Amino acid sequence: MVSKTLDLQIRRLSLIGDNSIANLITHGQKLLQIGSDSAKLDTEILLSFVLDKDRSFLLTWPEKKLNDTQLHDFFQLLIRRIQGEPIAYIVGVKEFWSLPLWVSKATLIPRPDTETLVESVLEHYSGRKNINCLDLGTGTGAIALALASENPTWKIDAVDFSMDAVELAQRNAKKCQLAHVNIFQSDWFSQIENNKQYDLIVSNPPYIDGNDKNLTEGDVRFEPASALIATDNGLADIKHIANIARNFLTAHGQLFFEHGFEQGDDVRSILENLGFLAPQTKQDLNGHDRITWATFS
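Residues numbered from 1 in each chain as written. Predicted model: local features only at pLDDT ≥ 70, side-chain atom pairs only at ≥ 80, totals over all residues. Heavy atoms only, no water.

A. Main features of the packing of helix α7 (residues 115-124) against helix α8 (residues 142-150). Look at α7 against α8: their axes get within 10 Å of each other, and the N-to-C directions meet at 40 degrees. By the angle between their axes, α7 is oblique relative to α8. Helix-helix and strand crossings are classified by hand; for α7 and α8 the assignment is right-handed. Contacts between α7 and α8 involve L117, V118, V121 and L122 from the former and I143, A146, L147 and E150 from the latter. Here the residues of the contact of α7 with α8 are counted per class, giving seven nonpolar, no polar and one charged. (Axes fitted to C-alpha atoms, helices over the stretch in contact; angles between N-to-C directions. Helix = DSSP H or I, 4+ residues; strand = E, 2+ residues; numbered from the N terminus. Parallel < 35°, antiparallel > 145°, perpendicular 65-115°, else oblique. Left-handed = near helix turned anticlockwise from the far one by under 90°. Contact = heavy atoms within 4.5 Å. Nonpolar A, V, L, I, M, F, W, Y, C, P; charged D, E, K, R; others polar.)

Structural data, given as structure tokens:
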């Protein structure tokens, strides 16, 4: 529910100055700045969505006024953002690796830190063609589609337990004209052919402990818990994947994980104990441990 005070503030927007883009950006930013560290950007994205224009339009036509319907729609979206709902869920799209991806509440929102996983894979497989790759827990399809966009000769399977996520990822593959990525439902390896072998397996699995206080903060409050939370201090799915992956990796095949910023040591230890060679960890954009990979002997 929107508080009466907040509702009154929103309604008064139309009485402050005018309904021009410039004025609405100014006052929308003021309302969002308490709960968002990107208040101006958020306001511009919502206005662009309502107007069905690029953000550059806002800069070119700051004097343009919204009509009553557009103004009402903007207020409704602004309320949702003030209540904490992620921008990506409100507008239904999030860019990842320069790909515009549909998002829904059935999947995690693709994050810039996950691009570190894509970068790491591309560094290791630069120039290599006809790689067989498996993306476990594909969600929106972000990782698989990013890799496919850079490597048209790769054969990529992408799976997710959620059928809603599978259908969304398939839509994104079509949207990005990367329909050659094979996306289907599977509970991790359950629907993978027993004799299938991959040169590369990647995964951004659930890795947050159920008691983590961060689950009550920010965007994760709105994201599916099944894609976030794992037992065993957040390591259960990583252990399961690493164990079973050995049956599906070629000789010298590699396994890449995204994981929590405090899990680097644990993930390397898990991989070493399962016979993987020389596990290494890479930091994300904030300098935190985020990606760990190793080679299967």
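B. Highlighting the sheet that holds strand β7 (residues 249-258). In space, the seven strands of this open sheet follow the order β5-β4-β3-β6-β7-β9-β8, with mixed pairing throughout. Single-partner strands in this sheet number two, and they are β5 (182-185) and β8 (276-283). Taken over all neighbouring pairs, the strand axes of this sheet differ in orientation by 15 degrees on average, direction set aside. Here strand β3 (residues 132-136) pairs with strand β6 (residues 198-203) via four bridges, running parallel. Opposite L134, over in β6, you have I201 as the bridge partner. α8 contacts β3, β4 (155-160) and β6 of the sheet and is inclined by roughly 170 degrees relative to β4. Contacts from helix α9 (residues 163-175) reach β4 and β5 within the one sheet, and its direction differs from that of β5 by about 165 degrees. (Pairing = 2+ DSSP bridges.)

C. View of the state of the cysteines. Considering all chains together, one arrives at zero disulfides under this definition. Looking at the unpaired C133, the closest cysteine sulfur is the one in C176, lying at 16 Å. With a relative accessible area of 0%, C133 lands in the buried category. On the accessibility criterion, C176 (16% relative accessible area) is buried. (Disulfide = S-S within 2.5 Å. Buried < 20%, exposed > 50% of the residue type's maximum accessible area, 1.4 Å probe, protein only.)

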